[in-house]
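So you can see what is in the structure, the chains are spelled out below.
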Amino acid sequence: MNGILKTKRRSALFRLLKGLNLRENRKRLWICALCALAGIPSVGESSPFGFSLFCASTGYEWTSFFSCLFSAAVTGRLNEGAFFTALLILVFKLLFLRNKKGSVALKCASAVIGALPIAVFGMVDASNLYNKALAVVAYAVVPLFTFLLCGFFEKSRRIGSTHFEAALLAAAFIAVKFFVPFKIYGVSLAFILAFAVSLCGAKRGGMPSGGVFGFCAGLALGAEYVACLGVGGLCAGLFMRADEKLAGSLAFVSASIAGLYFFALPDSLFCIANLLAGLLLYSAVSHRIPEQVDAKPVITAKRNVADEALAEAFLSLSDDFSKLSRVASDDKAEKLSDSVKACFEANCKNCHRCSFDRNDLVLHAEALVRKNGFVSLETLPAYFIDCKRAEKIMAALNRIPVGTGAEVSESIKRSAEDYFTLSKLIRSYQKRENDDRKVDSALSQKAHSLLWGAGLKTDKVKVRGKRFIEVEAHGVEVSKIHLSPEEISGLLSTLVERRLSNPEFILCDGYATMRLQTMPKLRIECARTVSGKSGEKVCGDSAVFFQSEDKRFFALISDGMGSGTDAALSSRLASVFLEKLLSAGGDKRQALIMLNRLLVAQKTEVFTTVDLLEVDLINGSASLLKAGAAPSFVVRGGSCIKVSSATPPAGIIGEVYAEQTSLSLKVGDTVVLFSDGLCDENGDSAGVERFLSERDVENESCAITASKLLNKAKGFSNHADDMTVCVIRILAA
């Protein structure tokens, strides 16, 4: 009997599941669940991310509509604004997006129209200017994230895979923000997920992708996490292709070091535990992440559009947060002034014996509260001490909360500056790629005519790039070429005014393509030597040589202020941060601005000088960028050319001041960089200049010059500071 009942129950369950048709509705269920979950993270009093996914999806109007309302009800935000937002979006989509091929523009239009209630009801319900401005920002987030999330649903080849990567970034941001409230014994689920996301991004797209995914995940957690996760993502991307396990381990180590640097000791221990858990989570899912794919040789217009849109998005967010910061700051000042006036009015309204200038007293007290956060009898005017209500007024003034508004304003301002700097960094990288991949039609026609005139027939010739030039000749008849590789290279090198490589031939189904690429004009010989301050176990200076993917050589000396472990930590941070960004093709000024922001954000005094030499190996141009660094010398023909600047180190003030000097270097020139430990007690570098002028530097190796200069400097500087010497010689390639 029991067996018969069980069989009937199974049959009933089977009919129920068959009626639901779960396989066909699996995608609908996923959209339903994701809309509901995305609606939980908030911006102020609204939840814009669920509405963004509602706008971006097509063909699931009713499902996503009720999902958004469900998440709003669960979080207690089911007010008139949330209901009308979802209703307007639903009506617009039913009218204009009934088919599943709706355009991105229409989806963004539905987001703009539907999100109006968020701003309207938010501004009506808000009690102050700060909350009103926050409602406007929440309104702007909806169309922005709608555009990004469209990458999951838009199949048009016009946008391409880069839009999908942008959608992944947006999804990662929302997912991390969703888990922010969840902590178990100090272990943050959001931090664990953020580090795993950074590693996944590194595996998908290498170092740039790992850094950007780490940056976005860090923004979802808070500004202080950006550096930790960004460094981890960059490090993972750098080594991911060589060895995935090694990349994960090094990313964990580098992110842990950054955590020890940026957090207090108890918090840094939790940070390391979270990073380890994130590494374990990545290990569990890494087999499902596609391997890193090489970039295509041609950067097409659709990638440029997506990159530009991403940069515009960050720029727009920066502008919104900057305005919000100013509103929050003004609102805070107005509140503080009203609170101080209320303290005096409450205690002085029934007192008619006072002959004091109350307006002057209110302004004086307001300034003290704003500056110090409290007042005392010693800081108030002397005549006020005789007031019988002085102690009551002072106690009331000291109860005024002064920290929260200013901290919120400063946090928003930092976020705005982070977005703006990242936007400019993306644009600088994009501009370099565009310049190196743009086809020069006139030069392509000349190259085609030149090859035909030399007897080398080809269907089509493309000359691509401005600085790094690449020549591609399609449809070459290899068997009929009578020119030597050197002759072909010589002809085209003269035309494009660049030193080109010998041609390589690519065969595909009998169709041959000949390719020549720009060869470096220069090569570098370099050496460095360091010596710590007397009595210290470690040297506070850092010196590195590295080369970017686009054939730019960099020599960097960072001198941490002071000596010992603290100086070494700040200088290592500067050298690692700049090396990773510049190696990936970032602009050096924007990279220096980001470094300065990291240093300024520290609660302790963390300063470091930056002495950066950049040599373009392709066209021979060079420049020196200095922020608080010692002078440098260019040795040419027995004479020394001094290059110096009077700028503060990075990390002292909010805005970094760095002086850039363009150099006209020639083959045989020697550039000498050194830290201020080689100068005498008055900061004079005359001893170094005299040493370089008296020696035949150009005819000895860089290592010998660096070693002898360091030994000589120990005499005239008394070895009172860390000492570093870098010698770079310019040679013909």
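All residue numbers refer to position in the chain's written sequence, counted from 1. Per-residue local features are limited, in this predicted model, to residues with pLDDT of at least 70; the limit for side-chain atom pairs, both in listing and counting, is 80 or more; totals at the level of whole chains, interfaces and linings are taken over all residues. Calculated side-chain values reflect all of the structure's heavy atoms, with hydrogen atoms and water omitted.

**Focus on the overall build of the protein**
(1) Moving on: Numbering of helices and strands runs from the N terminus; a helix is a DSSP stretch of H or I covering at least four residues, while a strand is a stretch of E covering at least two. In terms of helices and strands, the protein carries 23 helices and 16 strands.
(2) Moving on: Burial here depends on accessible area, computed with a 1.4 Å probe over protein chains only, as a share of the maximum for the residue type. Under 20% is buried, over 50% is exposed, and the range in between is partly exposed. Looking at the protein as a whole, 50% of its 733 residues qualify as buried.
(3) Moving on: Considering only residue pairs separated by 6 or more positions, the protein has 68% of its internal contacts joining residues 24 or more positions apart.
(4) Moving on: Residue burial considers only the protein chains on display, and all accessible areas are found by Shrake-Rupley using a 1.4 Å probe. Accessible surface computed for the protein: about 36,000 Å², of which carbon and sulfur atoms make up 58%. We call two residues in contact when some of their heavy atoms are within 4.5 Å.

**Brief notes about the pattern of salt bridges**
A pair can form between side chains of opposite charge whenever their charged atoms are brought close.
(1) Moving on: Between Lys or Arg on one side and Asp or Glu on the other, a salt bridge is scored when a side-chain nitrogen of the former is within 4 Å of a carboxyl oxygen of the latter. The full count for this structure, using the stated rule, is 14 salt bridges.
(2) Moving on: Two residues, Arg-464 and Glu-472, come together in a salt bridge whose shortest N-O distance is 3.8 Å.
(3) Moving on: Arg-464 sits in the buried class, given a relative accessible area of 2%.
(4) Moving on: Between Lys-588 and Glu-614 there is a salt bridge, with its nearest N and O atoms 2.5 Å apart.

**A word on the side chain of Lys-588**
(1) Moving on: Along the chain, Lys-588 falls in helix H21 (residues 588-600).
(2) Moving on: Of note is the side chain of Lys-588, whose polar atom sits 2.5 Å from the side chain of Glu-614.
(3) Moving on: Every residue in contact with Lys-588, bar those within four places of it in the chain, is listed here: Leu-582, Leu-612, Glu-614, Ser-623, Leu-625 and Gln-660. Think of a polar contact as two N or O atoms within 3.5 Å of one another; within protein, one of them needs to be a possible hydrogen donor and the other a possible acceptor, and neighboring residues in sequence only count if both atoms come from side chains.

**Some points on the packing of aromatic side chains**
(1) Moving on: By convention, a stacked pair of Phe, Tyr or Trp rings (six-membered ring in the case of Trp) has centres within 6.5 Å and planes under 30 degrees apart, an edge-to-face pair has planes over 60 apart, and any other such pair is tilted. This model, assessed by the stated rule, comprises 12 aromatic pairs.
(2) Moving on: Through a chain of ring-to-ring contacts, the aromatic side chains of Phe-49, Phe-145 and Phe-173 assemble into a single cluster.

**Notes on the sheet that holds strand E16 (residues 723-732)**
(1) Moving on: Strand order in the open sheet made by the five strands is E7-E16-E15-E12-E13, with antiparallel pairing throughout. Two strands close off the open sheet at either side, each with one partner strand: strand E7 (522-531) and strand E13 (639-643). For this sheet, the mean angle separating the axes of adjacent strands, direction not counted, is 20 degrees.
(2) Moving on: Strand pairing follows a simple DSSP-based rule, namely that at least 2 bridges must link the two strands. Here 10 bridges tie E7 to E16, and the two strands are oriented antiparallel to one another. Its bridge partner lying in E16, Glu-525 is registered against Arg-729.
(3) Moving on: Lying on the sheet, helix H22 (residues 686-694) is in contact with strand E12 (632-636), E13 and strand E15 (670-674); it crosses E12 at an angle near 15 degrees. Interaxial angle, 0 to 180 degrees, is taken between N-to-C directions of lines fitted to C-alpha atoms, where a helix line uses only the stretch in contact.

**Considerations on the sheet that holds strand E9 (residues 552-560)**
(1) Moving on: Pairing in this open sheet of five strands is antiparallel, and the strands run E8-E9-E10-E11-E14 from one edge to the other. The sheet is open, and its two edges are formed by strand E8 (541-547) and strand E14 (659-663), each paired on a single side. Direction aside, neighbouring strands of the sheet carry axes that sit 10 degrees apart on average.
(2) Moving on: Of the pairings in the sheet, the one linking E9 to strand E10 (residues 608-616) comprises nine bridges and is antiparallel in character. Each residue of the ladder has a partner; that of Asp-559, found in E10, is Thr-609.
(3) Moving on: In the packing of helix H20 (residues 565-583) onto the sheet, the strands contacted are E8, E9 and E10, and the crossing angle to E8 comes to about 10 degrees.

**Some thoughts on a nonpolar patch on the surface**
(1) Moving on: A cluster of nonpolar side chains, Phe-83, Phe-84, Leu-87, Val-91, Leu-95, Phe-96 and Leu-106, forms an exposed patch at the surface whose accessible area comes to about 610 Å².
(2) Moving on: Among the elements that take part in the nonpolar patch, helix H5 (residues 80-96) stands out by supplying six residues, more than any other.
(3) Moving on: Along the chain, Phe-83 turns up in helix H5.
(4) Moving on: By relative accessible area, Phe-83 is classed as partly exposed at 36%. In this analysis, a patch consists of residues with relative accessible area above 30% that form no salt bridge, clustered at 9 Å for like charges and at 5 Å for the nonpolar side chains Val, Leu, Ile, Met, Phe, Trp and Tyr.

**Comments concerning the packing of helix H3 (residues 48-56) against helix H4 (residues 61-74)**
(1) Moving on: Viewed as axis vectors pointing N to C, H3 and H4 meet at an angle of 175 degrees, and their least axial separation amounts to 10 Å. If you check the angle between H3 and H4, you find them roughly antiparallel. Residue-level inspection shows Gly-50, Phe-51 and Phe-54 of H3 in contact with H4, the latter providing Glu-61, Ser-64, Phe-65 and Cys-68.
(2) Moving on: Each residue belonging to the contact of H3 with H4 can be placed in one class, and the counts come to four nonpolar, two polar and one charged. An angle counts as roughly parallel when it lies under 35 degrees, as roughly antiparallel when it exceeds 145, as roughly perpendicular when it falls between 65 and 115, and as oblique in every other case. For this classification, the nonpolar set comprises Ala, Val, Leu, Ile, Met, Phe, Trp, Tyr, Cys and Pro, the charged set comprises Asp, Glu, Lys and Arg, and every other residue, Gly included, is treated as polar.

**A word on the confidence of the model for the protein**
(1) Moving on: The pLDDT averaged across the protein works out to 76; a share of 75% of its residues lies at or above 70.
(2) Moving on: Every residue carries a pLDDT, the predictor's confidence in it, which falls somewhere between 0 and 100. The lowest-confidence element of the protein is helix H1 (residues 2-20), averaging 47 in pLDDT; the highest-confidence one is E15, averaging 93.
(3) Moving on: Within the model, pLDDT remains below 50 along residues 292-310, and this stretch shows 32 contacts once partners closer than five positions in the same chain are excluded.
(4) Moving on: Overall, residues 404-409 carries pLDDT values under 50, and its contacts beyond four positions in sequence, including any with other chains, amount to six contacts.

**A word on the packing of H20 against H21**
(1) Moving on: Running from N to C, H20 and H21 cross one another at 145 degrees; their axes reach a closest spacing of 10 Å. Classified by chirality, the crossing of H21 by H20 is right-handed. In this structure, H20 uses Leu-573, Ala-574, Phe-577, Leu-578, Leu-581 and Leu-582 to contact H21, whose residues at the interface are Lys-588, Ala-591, Leu-592, Met-594, Leu-595, Leu-598 and Leu-599.
(2) Moving on: In terms of residue class, the contact of H20 with H21 is built from 12 nonpolar, no polar and one charged. Here a crossing is taken to be left-handed if its near helix is turned anticlockwise relative to the far helix by less than a right angle, and right-handed if that turn runs clockwise.

**Let's talk about the pairing of strand E5 (residues 504-508)**
(1) Moving on: In this sheet, strand E6 (residues 511-517) lies alongside E5 in antiparallel orientation, the contact comprising five bridges. Counterpart to Phe-505 in the pairing with E6 is Met-514.
(2) Moving on: The turn linking E5 back onto E6 is made up of two residues, and Asp-509 within it adopts a positive phi angle of 55 degrees.

**Brief notes about the environment of Glu-659**
(1) Moving on: Residue placement: Glu-659 occurs in strand E14.
(2) Moving on: Exposure remark for Glu-659: the relative accessible area of 36% places this residue in the partly exposed category.
(3) Moving on: Distance from Glu-659 to Ser-644, taken between C-alpha atoms, is 8.9 Å for residues 15 residues apart in sequence.
(4) Moving on: With sequence-adjacent residues up to four places away left out, Glu-659 is seen in contact with Arg-589, Leu-624, Leu-625, Lys-626, Ser-644, Ser-645, Ala-646 and Thr-647.

**Examining helix H10 (residues 189-221)**
(1) Moving on: Each residue after the first adds 1.5 Å to the expected span of a helix. Taking 1.5 Å of rise per residue, 33 residues should cover 48 Å, yet H10 covers just 11 Å from first to last C-alpha, more than 12% shy of that figure.
(2) Moving on: We define the bend at any residue as the angle between the axes fitted to the seven residues before and including it, ending there, and the seven starting there. When the local axis directions of H10 are compared, the greatest deviation, roughly 150 degrees, occurs at Gly-206, which is followed within four positions by the proline Pro-208.
(3) Moving on: Along H10, 27 of the 33 residues are buried, which leaves the element largely enclosed by surrounding structure.
(4) Moving on: Just past H10, the residue Gly-222 takes up positive phi, approximately 150 degrees.

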